[in-house]
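Below, each chain spelled out in residue letters.
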Amino acid sequence: MTQMTFARAINAGLRKSLENDPKVILMGEDIGTLGGVFRVTDGLQKDFGKHRVVDTPLAESAIIGTAVGLAYRGYRPVVEIQFDGFIYPAFDQIVSQVAKLHYRTQGAVKMPITIRVPFGGGIGSPEHHSESPEAYFTHTSGLRVVSVSNPQDAHTVIQQAISCDDPVLYFEPKRRYHDKGEVDESLDPRTALPMDAARVLTQGTDVTLVAYGPLVKTALDAAIAAADEGVSIEVIDLRSLAPVDYATLEASVRKTGHLVITHEAGQSGGLGAEVAASITERCFYHLEAAPVRVTGFDIPYPYSKLEMHHLPGLDRILDGVDRALGRPNSLSGLEG
Amino acid sequence: MSTDEAGQGGPSSRGQGNSAEHHGGSGRSLIQLITPAGERISHPEFDPWLQDITDEHLCSLYEDMTVIRRIDVEATALQRQGELALWPPLLGQEASQIGSGRALRQDDFVFSSYRENGVAYCRGVDLTSIIRVWRGNASSGWNPYTINMATPQIIIGAQTLHATGYAMGIQNDGADAVAVTYFGDGATSEGDLNEAMVFAASFQAPVVFFCQNNHWAISEPVRLQSHVHLADRATGFGIPSLRVDGNDVLAVMAATRVALDRARRGGGPTFIEAVTYRMGPHTTADDPTRYRDANELEDWAAKDPIWRVKSLLERKGLLTEELQRHVDDKADSVAREMRLACTSLPEPEPLDVFKHVYSSPNTWLDRQQDHYSRYLASFGDPAGAPSEEGAR
């Protein structure tokens, strides 16, 4: 076991993938000499060369579109979109090409492309640097979408994503890049928990609290705070946003009877809505109250002095837990 | 010798101004080796690229062009008869497609739009494969690796990036194959082509950008899209370009060979603008009489690419009755084969809708497939189940 930061853990995972498979090729803006704006690819170009770790011109559609061509040629491209808000120029290539080519060609062409997206807020950035665009991609068939929440997963899941024959969007919670954790680099990604499985982080009996990426840490903090108030929360790290591991969620909700889901993205049409609806369909008679969503607002990402109002924090999550449990909360006395 | 385009009787002016053919262009002449009247003219720069083109070879180019025109006419008829949902005709672009398609090596890889059925024919496509997509029986006709040609792209210009990426892969592999991307004049307005040219130039990727300027992006004329010759745009990216008479099969072939050779020798990308004309509609769904002048079509009909090579064969005394019969028979049999392939395609299975979304199982989708298969089974006769009218 080694102590390393989240960013370093991804770096180490990328390094392993580059070592293990000569067809793995990294591409993106500033990922070579600079090592990426978050230094996630630090040192990789120096060790693997400019043909394996490619500094590209600034053109997101081209970064994804050329990765498609490389995949046609048998490569496994790992591309970095520098910031969440920069993914939109590449949207067509992702949803119309990367996602659909396997289907379009009846399985003849594989698109084992990993798209790394530093996402989410909380770092005081300007516009376009703090967004949570994951729902656009979970809505698109053919894509797998994951988000990791701790250094060990970051290290393992990046390798699983790269070796997956389907395209994977790998959302990295950028405000956790500098968090440290234990990483067992010898853990074999082939036998580790698969990337499409959710993980129960704390056992609880009163509420199932589902989070992913940057909010997993907040959810864990909320569970500790709730325990002081005598509420037992089962925190689930969703890990895979598409497909969602409903089996794990169902088992938990059948036990607790209450569901709270939290994410930074806006509420309408967000992943929380999908999880709430699916769990309601699957275990309606086990739910003792309507599922509760604690999310960002349906607003453009606000300027940084206000972002902590938009982002679900520990107290907002606890308030959501109170709503789910029918305890006194911010909406008490309101109908509906 | 080059022929000035004005002397070619360019598209007639309709008083809209800003014609790329008359304003702002570099005045670059078109590369031409056969005049519209069918006269072979010498060209010291490009003739050396055609030294292996024997009389027999020339006859086979005539045959190819005739056959793909026949495929096109037959498919259009199939659409009109309700056998195909849609068809994108290539009528008028036979020289561009055969001239370039026949210049490629089998290990080159093509990324095309939906209109390059002539190129697919050169790659050796099975005709059933071409027709399957337009009948609605599949999303793509062929396995790209069997003919080294990607599934035709519908999103305008998207394929130019795929070709560039593929070319970067060729470069990494140390191979001397070339990625060739086909697109129309409309695609030159799209961001993707422009990004593709940036990447191709940056990495000196072995890719050939083959633009068939057929003058119309559905109803938008090329003069609305560009105030310079399309070939001149490449210059700004640092990509050498050639502007060729797209109705001249030999000129197209020579230009393509120049570009391929440059790419194979590590010289990087080349942009070819093949100036041609789409004589039919964009697809069978539109009506060009609404947006273009009949005189324009007439002008271009006089430059018909097949008529041109046929005249050349006549001048050379090669157009024997035997040859014409052979060509006609071939076109007839190919058309028959395609019609039969079309009408005898088996109906796809209902649960095929779920196949190949992912390469490994996906729990969401497996559940939907399971539910739908139970739903179908509830009818007893799954084949009769889903319809807009209902069966209950």
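Small disclaimer: the values here were computed from a predicted structure and weren't measured.

What exactly am I supposed to notice about the overall build of chain A here?
Assigned secondary structure in chain A consists of 12 helices and 14 strands. The C-alpha radius of gyration computed for chain A amounts to 20 Å, which stays within 12% of the reference 20 Å derived for 336 residues, consistent with globular compactness. Viewed in the frame of its principal axes, chain A has a C-alpha envelope of about 60 × 40 × 40 Å. A total of 336 residues make up chain A; the buried ones form 62% of that total. For chain A, the accessible area works out to roughly 12,600 Å², and carbon and sulfur atoms hold 53% of it. Counting 31 positive and 42 negative side-chain charges, chain A places the averaged centre of each group 6 Å from the other.

Would you take a moment to explain the overall build of chain B for this structure?
A tally of regular secondary structure across chain B gives 14 helices and seven strands. Computed over the C-alpha atoms, the radius of gyration of chain B is 22 Å, within 12% of the 21 Å expected from 2.2 N^0.38 for a compact globule of 392 residues. Principal axes of the C-alpha set define a box for chain B whose edges measure 75 × 50 × 45 Å. In chain B, buried positions account for 56% of the 392 residues. When the accessible area of chain B is evaluated, it comes to approximately 15,900 Å², of which 50% is carbon and sulfur surface. For chain B, the distance from the average position of its 35 positive side-chain charges to the average position of its 53 negative side-chain charges is 1 Å.

Would you mind going over the environment of Gln153 of chain B with me for this structure?
Mapped onto the elements of the fold, Gln153 of chain B is located in the loop between α5 (144–147) and α6 (158–173). The spatial distance from the C-alpha of Gln153 of chain B to the C-alpha of Leu30 of chain B is 28 Å, given a sequence separation of 123 residues. Beyond its immediate chain neighbours, meaning those up to four positions away, Gln153 of chain B contacts Gln97 and Arg104 of chain A together with Ser112, Ser113, Tyr114, Ala158, Gln159 and His162 of chain B. In this structure the side chain of Gln153 of chain B is engaged in a polar contact, spanning 3.0 Å, whose partner is the backbone nitrogen of Ile155 of chain B.

Explain the side chain of Ser100 of chain B to me, please; I cannot follow it from the model alone.
Residues and elements named next belong to chain B. Looking at where Ser100 falls in the secondary structure, it is placed in helix α2 (residues 94–101). Within the structure, Ser100 has its side chain in polar contact with the backbone oxygen of Gln97 (distance 3.3 Å). Here Tyr182 takes part through its side chain, which lies 2.7 Å from a polar atom of the side chain of Ser100. Residues within four places of Ser100 in sequence aside, it is in contact with Ala95, Tyr182, Phe210, Val252 and Thr256.

Looking at this structure, how should I read the sheet that holds strand β2 (residues 179–184) of chain B?
Paired through backbone hydrogen bonds, the strands of a sheet run either parallel or antiparallel to each other. Residue and element names in this part refer to chain B. The sheet built from five strands is open, its strands ordered β1-β2-β3-β7-β6 with parallel pairing. At either margin of the open sheet sits one strand with a lone partner, and together these are β1 (109–111) and β6 (241–245). Ignoring which end each strand starts from, the neighbouring axes of this sheet average 20° apart. Alignment of β1 against β2, held across three bridges, turns out to be parallel.

Looking at this structure, I do not really get the nonpolar core. What am I missing?
Nonpolar side chains in soluble globular proteins tend to be buried together. Judged by nonpolar contacts, the single largest core of 112 residues is most densely connected at Tyr72, Ile94, Leu169 and Leu249 of chain A together with Phe209 of chain B. Of all the elements, helix α3 (residues 60–72) of chain A adds the most residues to this core, at eight residues. With residues near it in sequence (within four places) discarded, Leu169 of chain A still touches Ile87, Ile94, Ile115, Val117, Phe137, Leu143, Arg144, Val145 and Val146 of chain A. Counting 69 residues, the second-largest nonpolar core is a separate cluster that includes Val208, Val244, Met253 and Leu345 of chain B.

Can you help me understand the packing of aromatic side chains in this one?
The relative placement of two aromatic rings is captured by the distance of their centres and the angle of their planes. What the rule picks out here adds up to 28 aromatic pairs over all chains. Seen in terms of ring centroids, Phe137 of chain A and Phe171 of chain A are 6.4 Å apart; in terms of plane orientation they differ by 40°. Their pairing is tilted. Placement of the pair is Phe137 of chain A in helix α6 (residues 134–138) and Phe171 of chain A in strand β7 (residues 168–173), with a sequence separation of 34 residues. In this structure, Phe137 of chain A and Phe171 of chain A share a single accessibility class: buried. Aromatic rings pair up to connect Tyr88, Phe91, Phe119, Tyr136, Phe137 and Phe171 of chain A into one cluster. A cation over an aromatic ring shows up here: Lys23 of chain A above the ring of Tyr75 of chain A, its NZ or CZ 4.5 Å from the ring centre. The ring of Trp300 of chain B carries the charged tip of Lys303 of chain B above its face, separated from the ring centre by 3.5 Å.

What exactly am I supposed to notice about the pattern of salt bridges here?
Pairing is possible between side chains of opposite charge, provided their charged atoms come close. One pass over the full model with this rule turns up 39 salt bridges over all chains. Taking the shortest distance from any N to any O, the salt bridge between Arg116 of chain A and Glu172 of chain A comes out at 2.5 Å. Here Glu172 of chain A lies in strand β7 and Arg116 of chain A lies in strand β5 (residues 114–119), a separation of 56 residues in the sequence. Residue Asp108 of chain B is joined to Arg264 of chain B by a salt bridge in which the shortest nitrogen-to-oxygen separation is 2.8 Å. One end of the pair, Asp108 of chain B, is in the loop between α2 and β1; the other, Arg264 of chain B, is in helix α10 (residues 249–264), with 156 residues separating them in the sequence. Exposure remark for Asp108 of chain B: the relative accessible area of 0% places this residue in the buried category. When salt bridges that share partners are traced, they join Arg70, Glu74, Asp332 and Arg339 of chain B into one network.

What am I meant to see in the interface of chain B and chain A here?
A common way to express how large an interface is: the accessible area buried when the components associate. Of the residues lining the interface, 43 residues belong to chain B; the matching set on chain A comes to 50 residues. For the chain B face of the interface with chain A, the top three residues by lost area are Phe199, His356 and Trp364 of chain B, together amounting to 18%. Counting across the interface, chain B meets chain A through two salt bridges. In this structure, the salt-bridge partner of Lys23 of chain A is Asp173 of chain B, at a minimum N-O distance of 3.8 Å. Our count for the contact surface shared by chain B and chain A stands at 25 residue pairs in polar contact (both at pLDDT 80 or more). Those elements that place two or more of their residues in the side of chain B that touches chain A are β1, α5, α6, α7 (191–203) and α14 (363–377) of chain B.

Explain the sheet that holds strand β2 (residues 24–28) of chain A to me, please; I cannot follow it from the model alone.
All names here are of chain A. Strand order in the open sheet formed by seven strands is β3-β2-β4-β5-β7-β6-β12, with mixed pairing between adjacent strands. Strands at the two margins of the open sheet, each flanked by one partner only, are β3 (53–55) and β12 (240–242). Mean inter-strand twist for the sheet, computed between neighbouring axes without regard to direction, equals 20°. Taken together, the three bridges between strand β4 (residues 76–80) and β5 define a ladder with parallel strand orientation. By the bridge assignment for β5, Glu80 is matched with Arg116.

Is there a simple way to explain helix α1 (residues 55–80) of chain B in this structure?
Given 3.6 residues per turn, any residue in an α-helix points the same way as the ones three and four places further on. Taking 1.5 Å of rise per residue, the 26 residues of α1 of chain B would be expected to cover 38 Å, and the 38 Å separating its terminal C-alpha atoms lies within 8% of that figure. Gly82 of chain B, located one to two residues past α1 of chain B, shows a positive phi value of around 85°.

What should I look at first to understand helix α4 (residues 91–98) of chain A in this one?
When you tally the buried positions in α4 of chain A, you get six out of eight residues, the bulk of the element. Where α4 of chain A is concerned, the buried positions are Gln93, Ile94, Val95, Ser96, Gln97 and Val98 of chain A.

Looking at this model, I keep getting lost on unusual backbone geometry. Mind explaining?
In most cases, non-glycine residues show a negative phi, while peptide bonds are predominantly trans. Note that the residue after Ala242 of chain A, namely Pro243 of chain A, is joined by a cis bond; omega there is 0°. Located in the positive-phi region is Gln204 of chain B, a residue other than glycine, with phi close to 50°. Of note, Gln204 of chain B is situated in the loop between α7 and β3 (207–213).

So, how was this worked out
- Residues numbered from 1 in each chain as written.
- Chains lettered and ligands numbered in written order.
- Predicted model: local features only at pLDDT ≥ 70, side-chain atom pairs only at ≥ 80, totals over all residues.
- Heavy atoms only, no water.
- Helix = DSSP H or I, 4+ residues; strand = E, 2+ residues; numbered from the N terminus.
- Rg over C-alpha atoms; globule rule 2.2 N^0.38 Å.
- Buried < 20%, exposed > 50% of the residue type's maximum accessible area, 1.4 Å probe, protein only.
- Areas by Shrake-Rupley, 256 points an atom, 1.4 Å probe, with all protein chains shown as cover.
- Lys, Arg positive; Asp, Glu negative; His and termini not counted.
- Charge placed at Lys NZ, Arg CZ, Asp CG, Glu CD.
- Contact = heavy atoms within 4.5 Å.
- Polar contact = N/O pair within 3.5 Å; in protein donor to acceptor, adjacent residues only side chain to side chain.
- Pairing = 2+ DSSP bridges.
- Axes fitted to C-alpha atoms, helices over the stretch in contact; angles between N-to-C directions.
- Core = buried A, V, L, I, M, F, W, Y, C linked by side-chain atoms within 4.5 Å.
- Phe/Tyr/Trp six-rings, centres within 6.5 Å; stacked < 30°, edge-to-face > 60°.
- Lys NZ or Arg CZ within 6 Å of the ring centre and 35° of its normal.
- Salt bridge = Lys/Arg side-chain N within 4 Å of Asp/Glu carboxyl O.
- Buried area = accessible area lost by both parts, 1.4 Å probe.
- Expected span 1.5 Å × (residues − 1).

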